[in-house]
Amino acid sequence: MERNNTTSETWQSSIPLLVHKANNKGPSSSSSSSIPTVLMLTTLVAVLGSYVFGSAVGYSSPSQSGIMHDLNLALAQYSIFGSILTIGAMIGAILSGTVADYVGRRLAMGFAEVFCIFGWVAISFAKVPVYVAEITPKNLRGGFTTVHQLMICIGMSLTYLMGANLNWRVVSLIGTIPCLVQLLSRPFIPDSPRWLSKVDRVKESDSALQHLRGKNADVYQEATEIREYIETLQQQTEASLVGLFQLQYLKSLTVGVGLMILQQFGGINGIIFYANSIFISAGFSESIGTVAMVVVKIPMTTLGVFLMDKSGRRPLLLVSAVGTCLGCFLAALSFFLQDLHKWKELSPVLALVGVLIYVGSYSIGMGAIPWVIMSEIFPINVKGSAGSFVTFVNWLCSWIVSYAFNFLMSWSSAGTFFIFSGVCGLTVVFVARLVPETKGRTLEQIQASLNSYSTKK
């Protein structure tokens with residue numbers, strides 16, 4: 001309670017300054033259509049990490065033939081290489097929440113980029129979505145956070161194209177460039193106002209919030225809401241990973257974990273990691289198929305960014321899940337017809353259409369929205385442990401799919417895609433029954449509706 005008293009006194013001492021600012025400023029920035037330059041630049045630096053991640057995701061597909069030839073790898077060995085990204089992501093998921101809560105979101109990004117640089121360099125010589133959610137106002141949160149997915153898409157797409165034309169070692173060295181840019185830019189961006197407030201750095205929190213919203217913005221109400229919410233949560237025990245499994249967090253955990261499991265078992269990383277081999281198995285040109293995926297994925301991801309805060313999370317998720325279900329079914333039907341030796345001219349085109357429908361549908365909703373919702377549904381006193389756990393589950397499922405995919409395709413290409421189609425159909429039911437709409441609501445309002453102990457406004 002001594003810490004809470006100190007926090008309250010510090011906050012109260014900052015109220016007169018905020019009131020003075022509020023009384024001497026124009027309309028609130030929350031109602032303004034303009035986006036502060038600092039907020040845009042901060043988001044850009046943050047999502048450079050998303051670009052790097054997208055590059056890593058897109059690396060294995062176009063590089064498969066070159067790496068297998070140069071390093072004399074069998075298919076089973078390449079499956080280990082193709083899925084090893086997810087193992088690193090699982091380790092990062094275990095550590096990232098604790099590190100981010102202890103040192104802050106900004107410094108945690110710096111640590112991550114150092115490891116990314118070493119990773120890309122190591123490949124060439126071989127033989128983060130909570131931060132953005134916390135710094136943006138509620139009316140922009142979905143769109144800004146979805147830029148994370150757009151940057152993943154751009155990174156993956158450019159790596160696809162580079163991998164089709166450049167040596168795999170050169171592509172891996174090019175991957176270090178955005179890592180260096182983000183690492184060098186990190187000192188010039190503010191830390192999360194919510195995190196600063198949580199660790200009793202109230203004046204720095206106010207300053208960071210004012211910096212992000214613009215010098216003429218009225219941040220008094222938002223700062224008050226953040227402070228009151230955190231003071232209430234600080235009366236609760238900081239939840240450990242074990243403490244996360246309590247009844248009061250049950251719905252949040254069910255929604256977060258459920259979306260991640262369904263996202264991955266819907267087959268996305270198997271399809272993205274090994275797209276070239278899928279097109280070859282279907283009897284279609286891998287170069288044309290790769291270019292077609294890029295042509296579809298970037299516009300559909302961009303469309304998802306614009307629709308995120310207009311149509312809401314649930315409608316986009318439902319449309320996306322239905323589309324992925326249909327896409328996998330068409331791809332499965334194509335391979336099924338091949339097994340029956342029927343419609344030999346049509347089945348390769350049907351496989352391409354199915355994959356493109358799947359990728360486009362996934363890009364508009366299932367790719368980004370589960371991460372946006374995860375950043376919104378957990379209260380800040382469990383955000384670190386919950387984020388780490390949910391991300392770990394996501395990458396565990398991703399590893400299972402990406403490692404087993406080649407073996408599943410060897411067993412039955414049609415059966416593999418029928419399984420993915422069934423999981424995507426189950427996603428439709430899960431979203432319709434359990435996933436809440438979070439559009440236009442503050443983080444505090446969402447968490448109050450999900451958790452009975454949250455602050456009542």
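Position labels on residues start from 1 in each chain and follow its written sequence. Where totals are concerned, whole chains, interfaces and linings use all residues; where local detail is concerned, this predicted model gives features only for residues with pLDDT of at least 70, and gives and counts side-chain atom pairs only at 80 or more. Side-chain figures throughout are based on the complete set of non-hydrogen atoms in the structure, without hydrogens or water.

As recorded in an unreviewed UniProt entry, the chain goes by Major facilitator superfamily (MFS) profile domain-containing protein and comes from Arachis hypogaea. Of the comments in the UniProt record for the chain, the one headed Subcellular location (unreviewed entry) reads "Cell membrane". UniProt positions are given in the numbering used here, feature names are shortened, and annotations may be inferred rather than shown by experiment. One UniProt comment on the chain, placed under Sequence similarities (unreviewed entry), says "Belongs to the major facilitator superfamily. Sugar transporter (TC 2.A.1.1) family."

Caption draft 1: Representation of the confidence of the model for the chain within the structure. A residue's pLDDT is the predictor's confidence in that residue, given on a scale from 0 to 100. Of the residues in the chain, 74% reach a pLDDT of 70 or more, and the chain-wide mean stands at 76. Numbering goes from the N terminus for both helices and strands, where a helix is a DSSP run of H or I of at least four residues and a strand is a run of E of at least two. Averaged pLDDT values over the elements of the chain bottom out at 43 in helix 1 (residues 2–23) and peak at 95 in helix 21 (residues 413–434). When the criterion is pLDDT under 50, residues 1–32 qualifies, and its contacts beyond four places in sequence or with other chains add up to 42 contacts. Whether two residues are in contact is decided by their heavy atoms, any of which lying within 4.5 Å being enough.

Caption draft 2: Highlighting the packing of aromatic side chains. Each aromatic pair joins two rings of Phe, Tyr and Trp (for Trp, the six-membered one) with centres within 6.5 Å, and gets the label stacked for planes under 30 degrees apart, edge-to-face for over 60, and tilted for any other angle. A full pass over the atoms with the stated rule returns nine aromatic pairs. Judged by centre distance (5.9 Å) and plane angle (10 degrees), the rings of tyrosine 274 and phenylalanine 405 are stacked. Highlighted residues: tyrosine 274 in the loop between helix 14 (268–273) and helix 15 (275–281) and phenylalanine 405 in helix 20 (residues 380–411), separated in sequence by 131 residues. Comparing tyrosine 274 with phenylalanine 405, the two get one shared label, buried. Members of the aromatic cluster, connected to one another through ring pairs, are Phe273, Tyr274, Phe335, Phe405, Phe417 and Phe420. A 1.4 Å probe rolled over the protein chains alone gives each residue an accessible area, and that area as a share of the maximum for its type sets the label: buried under 20%, exposed over 50%, partly exposed in between.

Caption draft 3: Local environment of the packing of helix 13 (residues 250–265) against helix 21. One way to put it is that helix 13 packs onto helix 21 with a least axis distance of 9 Å and a crossing angle of 160 degrees. What the angle tells us is that helix 13 and helix 21 run roughly antiparallel. Pair helix 13 / helix 21 crosses with left-handed handedness. Listed contacts from helix 21 to Lys251, Thr254, Val255, Gly258, Leu259, Leu262 and Phe265 of helix 13 are Phe420, Val423, Leu426, Thr427, Phe430, Val431 and Leu434. Three residue categories are used. Nonpolar comprises Ala, Val, Leu, Ile, Met, Phe, Trp, Tyr, Cys and Pro, charged comprises Asp, Glu, Lys and Arg, and polar comprises the others, including Gly. Split by residue class, the contact of helix 13 with helix 21 holds ten nonpolar, three polar and one charged. An axis is simply a line fitted to the C-alpha atoms; with a helix, the fit covers only the stretch in contact. Between two such axes, the angle follows the N-to-C directions and lies from 0 to 180 degrees. An angle counts as roughly parallel when it lies under 35 degrees, as roughly antiparallel when it exceeds 145, as roughly perpendicular when it falls between 65 and 115, and as oblique in every other case. By convention the crossing between two helices is left-handed if the near helix lies anticlockwise of the far one by an angle smaller than a right angle, and right-handed if it lies clockwise.

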